[in-house]
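Coordinate analysis (summary)
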Amino acid sequence: MQVEETEFFNKLLDYNNILYLCHRNADPDAVSSAFALSEALGGTIGLVDGCNRVASLLIDKLNIEVVEKPDPSEYDITLVVDTSTSSQLNDIKLGRYCVIDHHATTALIENAEFYLHRHATSTAEMVFGILQSMGAPIMRRTAMGLLTGIITDTGHFKHATQETFRTVSEIIAASGVEYADVLEMMAATPQDISMRIAMLKCATRATIERVDDWLLVDSHVNSFGGAASSMFLNVGADVALIGTSRDANIRVSGRAKREAVAAGVNLGKIMEDISKNYDGTGGGHAGAAGIDVVADMDTIIFECKYRIRDILRGKPNPSICDSLNEESQESE
């Protein structure tokens, strides 16, 4: 059941022992959102499978208490934060749960007790809306966390909207935190040498394809797939697909520049569609998405590239055409 901000908050008040569960390799958006809600409502922040470097810095600098690999059965309800698929939670058994998420598509809402789903550029913005609706004070630690979540999830505002900047302004006004304070804290993030090695290896394996005036790049790496795909955009790719594997499971992380998205590329929709053919999970945003399936990595990357290639060449997307035809027939 979809609810609004005030009702979402009121429903959470019915539970005394809440687990705020973040996706594997949790990012600052997930951690800061969970932290802000726990500060306002009480409860425990859980990391299902670690967190990334900036989120780790955030936990350290803001002295955030977290529990590694918590058992949802020990809590009254689990609030799944910033997560669109069960695979991002390592398919953990959730029991009674609710969801707050900003991704374009999220499969987890189907069995949730209730959920808050918005097409925002970060979950942190949605959480700030909840805090506003309940009249909660925005303390310095909470503001530092939420701003870090927004900055990182928007690619340092590359994917920001007018609403993003409005929210940032309101957080600063409500808390007194300086934007420079957040940047200074983020600048202290240590460079992980294993990540640097992974980026270099990924670059050496890259396949570059020119589609008219677009550059489509794919590669594979043992870890840091999301960071690698973003790296390729920074050095010239218009769309990047990076595969990683864990046992029989493979994940493809995709990133697309704003120009490619404007041309019709919607990675979240593409990966969601493909995942259905493999009984897996996929989705995300138009410009940043992922797919988790048990399949051959090259096959999944090929299918993604096939669809992206047609869109960049201006060819109609079959799934879109089918839905348009269905709507036309219904109106006749």
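From a predicted model like this one, the values you see are computed outputs, not experimental measurements.

A few words on the pattern of salt bridges. Per the stated rule, a full pass over the model turns up 15 salt bridges. Of the charged contacts, one joins Glu 4 and Arg 118 as a salt bridge, the two residues approaching to 2.6 Å between their closest N and O atoms. A residue pair is termed long-range when its members are at least 10 positions apart, and Glu 4 in the segment before helix H1 (5-12) and Arg 118 in the loop between strand S6 (115-117) and helix H4 (123-133) qualify at 114 residues. Using a relative accessible area of 45% as the deciding quantity, one classes Glu 4 as partly exposed.

Tallying each qualifying case throughout the model produces four aromatic pairs. Considering the side-chain rings of Phe 8 and Phe 114, the 5.5 Å spacing of their centres and the 75 degrees angle between planes classify their relative orientation as edge-to-face. With Phe 8 in helix H1 and Phe 114 in the loop between strand S5 (97-101) and S6, the pair connects residues that are 106 residues apart, well separated along the chain. Look at Phe 114 and you get buried, because its relative accessible area is 3%. Among the aromatic side chains, those forming a connected cluster through ring pairs are Phe 157, Phe 165 and Tyr 179.

Right, let's talk about the sheet that holds strand S11 (residues 281-284) for a bit. Here six strands make up an open sheet; going across it, the order is S7-S8-S9-S10-S12-S11 and the pairing mixed. In the strand order of this sheet, the two ends are held by strand S7 (207-211) and S11, each with one partner. Neighbouring strand axes in the sheet, compared pairwise and without regard to direction, differ in orientation by 15 degrees on average. Relative to strand S8 (residues 214-220), S7 runs antiparallel, the two sharing five bridges. From the neighbouring strand, Glu 209 faces S8, where its bridge partner is Leu 216. Most of the contacts of helix H12 (residues 297-312) go to strand S9 (residues 239-246), to which it runs at about 165 degrees, and overall it touches S7, S8, S9, strand S10 (249-256) and strand S12 (288-293).

Bringing the UniProt feature "domain: DDH" (unreviewed entry) in the protein into the picture now. Mapped onto this structure's residue numbering, the UniProt feature "domain: DDH" (unreviewed entry) falls at residues 18-150. Helix makes up 34% of residues 18-150 and strand 19%, and the two end C-alpha atoms of the span are 24 Å apart.

Strands sit in the order S3-S2-S1-S4-S5-S6 across an open sheet of six strands; the sheet is parallel. Each edge of the sheet is formed by a strand with only one pairing partner; in this case those strands are strand S3 (66-68) and S6. The average undirected angle you get between the axes of adjacent strands in this sheet is 25 degrees. Direction of pairing for strand S1 (residues 18-22) relative to strand S4 (residues 77-81): parallel, over a ladder of five bridges. Across the sheet, the residue bridging to Leu 19 is Thr 78, located in S4.

Calculation notes
- Residues numbered from 1 in each chain as written.
- Predicted model: local features only at pLDDT ≥ 70, side-chain atom pairs only at ≥ 80, totals over all residues.
- Heavy atoms only, no water.
- Salt bridge = Lys/Arg side-chain N within 4 Å of Asp/Glu carboxyl O.
- Helix = DSSP H or I, 4+ residues; strand = E, 2+ residues; numbered from the N terminus.
- Buried < 20%, exposed > 50% of the residue type's maximum accessible area, 1.4 Å probe, protein only.
- Phe/Tyr/Trp six-rings, centres within 6.5 Å; stacked < 30°, edge-to-face > 60°.
- Pairing = 2+ DSSP bridges.
- Axes fitted to C-alpha atoms, helices over the stretch in contact; angles between N-to-C directions.
- Contact = heavy atoms within 4.5 Å.
- UniProt positions renumbered as here; feature names shortened; annotations may be inferred.

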